[in-house]
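# Observations on the three-dimensional arrangement
So you can see what is in the structure, the chains are spelled out below.
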Amino acid sequence: MSKIAVVYWSGTGNTEAMAGAVAAGARAAGAEAELIAASDFDAGRVANYDAIAFGCPAMGSEQLEEYEFEPMFDACKSALRGKRIALFGSYGWGDGEWMRSWEAAARGCGAELACASVMCCEAPDEEGAANCEALGRALA
């Protein structure tokens, strides 16, 4: 059984809802999935999981949340080399630049993006939730 971490930061609950759907998809595919707030995760925990889904909404001028999530992700980069990961998050404006930049950073540290990233405008609708579940299944 695969062990999947779903690590997220959410300010409004939209990305948290996405994280729940990712975990549900992983569990439906037979994996053990653990929801973890970004503030409770660090590089020392990366090796405990077969794969990790990271979730963060677009903030400011299309960037990762800068006080909790981005420092945690930056600290994990060296541990992510060769690790299967997936990215997801919500946004309210822009064109997804934050996700493209985040994907490039993940590839740059040697992480393996296991599937296409998932973005939802505001709260996940039915299609967005289904895409999040598919992301979780892909990681499992």
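In what follows, the accompanying structure is described.

Criteria and cut-off values
Residues numbered from 1 in each chain as written. Predicted model: local features only at pLDDT ≥ 70, side-chain atom pairs only at ≥ 80, totals over all residues. Heavy atoms only, no water. Helix = DSSP H or I, 4+ residues; strand = E, 2+ residues; numbered from the N terminus. Rg over C-alpha atoms; globule rule 2.2 N^0.38 Å. Buried < 20%, exposed > 50% of the residue type's maximum accessible area, 1.4 Å probe, protein only. Contact = heavy atoms within 4.5 Å. Areas by Shrake-Rupley, 256 points an atom, 1.4 Å probe, with all protein chains shown as cover. Axes fitted to C-alpha atoms, helices over the stretch in contact; angles between N-to-C directions. Parallel < 35°, antiparallel > 145°, perpendicular 65-115°, else oblique. Left-handed = near helix turned anticlockwise from the far one by under 90°. Nonpolar A, V, L, I, M, F, W, Y, C, P; charged D, E, K, R; others polar.

### A few points about the overall build of the protein chain
When helices and strands are tallied, the protein chain shows 5 helices and 6 strands. Taken from the N to the C terminus, the helices and strands of the protein chain come in the order β-α-β-α-β-α-β-α-β-β-α. Scaling as 2.2 N^0.38, a compact globule of 140 residues should have a C-alpha radius of gyration of about 14 Å, and the protein chain matches this with 13 Å. The principal-axis extent of the C-alpha atoms belonging to the protein chain is close to 40 × 30 × 25 Å. Buried residues in the protein chain amount to 44% of all 140 residues. Expressed as a percentage of contacts within the protein chain between residues at least 6 apart in sequence, the contacts between residues at least 24 apart total 75%. With the model as given, the accessible surface of the protein chain reaches about 6300 Å², and the carbon-plus-sulfur share is 46%.

### Section: the environment of Leu 80
On the secondary structure map, Leu 80 appears in the loop between α3 (69–76) and β4 (84–91). For the pair Leu 80 and Glu 112, spaced 32 residues apart in the sequence, the C-alpha separation amounts to 8.3 Å. When near neighbours in sequence (up to four residues on either side) are disregarded, Leu 80 contacts Val 46, Ile 52, Phe 54, Phe 73, Ile 85, Cys 109, Gly 110 and Ala 111.

### A few points about the packing of helix α1 (residues 14–28) against helix α5 (residues 126–139)
Close contact between α1 and α5 brings their axes to 6 Å; oriented N to C, the two are set at 45°. The orientation of α1 with respect to α5, classified from their angle, is oblique. Judged by the twist between their axes, the crossing of α1 over α5 is right-handed. For the pair α1 and α5, the contacting residues are Met 18, Ala 21, Val 22, Gly 25 and Ala 26 in the first and Ala 129, Cys 132, Glu 133, Leu 135, Gly 136 and Arg 137 in the second. When the residues that make up the contact of α1 with α5 are grouped by side-chain class, the tally is 7 nonpolar, 2 polar and 2 charged.

### Describing the environment of Pro 124
In this fold, Pro 124 is placed in the loop between β6 (118–121) and α5. For Pro 124, a relative accessible area of 23% gives the class partly exposed. For the pair Pro 124 and Ala 17, spaced 107 residues apart in the sequence, the C-alpha separation amounts to 7.2 Å. Among residues more than four places away in sequence, those in contact with Pro 124 are Asn 14, Ala 17, Met 18 and Ala 129.

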